[in-house]
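Examining the three-dimensional arrangement
Spelled out, the chains give:
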Amino acid sequence: MSNNCDTSNLNDQFLIAMPQLKDSLFENSVIYIWQHSHEGAVGIAVNLPLPIEQRELFEQMDIRDKRQANSSQFVLSGGPVEPNKGFILHDGGEHWNSTLTLENGLFLTTSRDILEAIAADQGPLNYLVVLGCSGWGPGQLEQEIGKNSWFTCSANHELIFSTRFSEKPKLAAATLGFDISKLSTDVGTS
């Protein structure tokens, strides 16, 4: 399968790992690209849960979790860059400190105040708590796409905020009309 996408602007796109990325840091990942330019690209994996729940993270940060007992979600691994830095990808506006406005009603916040709001059940309706991000230098992502390591599709809120983490690669591929499980791990060009 050839990936004939326009790689000049990948903002607000999903990168879906091709099967040949098996046994890599990006195996089975779906990455939301929030920034792409001639200087490189930055995104967050939206489907790689860590073995830690938000409740545990809040406890480590001395934030009292006032939510119902069954409301905690897993913290996700956003990628190998800055793995100890927290990012909250959400749809709740920009009224928190350190918030970046993204495309299509999405925001990225890195400040503690949004975590305190989430723990008080006053945070955004939809959000992911993520540690780390994914990054590529100038031209690096375009080369990887050219080598069929990734395919791309438009991002959508429903898939970003779904908690069906293991199904996200399949669901993202389905938006392009194919079943990712039927792709070969063989790499080559014709």
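Before reading on, note that the structure itself is shown above.
Computed from a prediction, not measured in an experiment: that's the story for all the values here.

Rules of the game
Residues numbered from 1 in each chain as written. Predicted model: local features only at pLDDT ≥ 70, side-chain atom pairs only at ≥ 80, totals over all residues. Heavy atoms only, no water. Core = buried A, V, L, I, M, F, W, Y, C linked by side-chain atoms within 4.5 Å. Buried < 20%, exposed > 50% of the residue type's maximum accessible area, 1.4 Å probe, protein only. Helix = DSSP H or I, 4+ residues; strand = E, 2+ residues; numbered from the N terminus. Contact = heavy atoms within 4.5 Å. Polar contact = N/O pair within 3.5 Å; in protein donor to acceptor, adjacent residues only side chain to side chain. Phe/Tyr/Trp six-rings, centres within 6.5 Å; stacked < 30°, edge-to-face > 60°.

A few points about the nonpolar core
Formed by 28 residues in total, the largest nonpolar core has its most connected members in F14, I16, Y32, W34, V46 and I160. Looking at this core, the elements with two or more residues in it are β1 (13-17), β2 (30-37), β6 (81-90), β9 (127-136), β10 (150-154), α4 (157-161) and α5 (168-174). Once residues lying within four places of it in the same chain are set aside, the contact partners of W34 are N11, V42, G43, I44, F87, L100, L102, L108 and C133.

Focus on the side chain of S111
Mapped onto the elements, S111 comes out in the loop between β8 (107-109) and α2 (112-119). The class of S111 is buried, set by a relative accessible area of 11%. From its side chain, S111 meets the backbone oxygen of N97 in a polar contact 2.3 Å long. Looking at S111, its side chain comes within polar contact range of the side chain of D113, at 2.5 Å. Once residues within four sequence positions are removed from consideration, S111 is found in contact with W96, N97 and S98.

Considering the packing of aromatic side chains
Summed over the entire model, instances satisfying the criterion amount to five aromatic pairs. Ring plane angle 25° and centroid distance 6.0 Å describe the contact between F26 and W136, whose orientation is recorded as stacked. Pair noted here: F26 is in the loop between β1 and β2 and W136 is in strand β9, with a separation of 110 residues, a long-range link. In this pair, the class of F26 matches that of W136, namely buried. Ring centres of F151 and F178 lie 4.9 Å apart, and the angle between their planes is 55°; on these two criteria the pair is classed as tilted. Placement of F151 in strand β10 and of F178 in the segment after α5 is noted, with a sequence separation of 27 residues between them.

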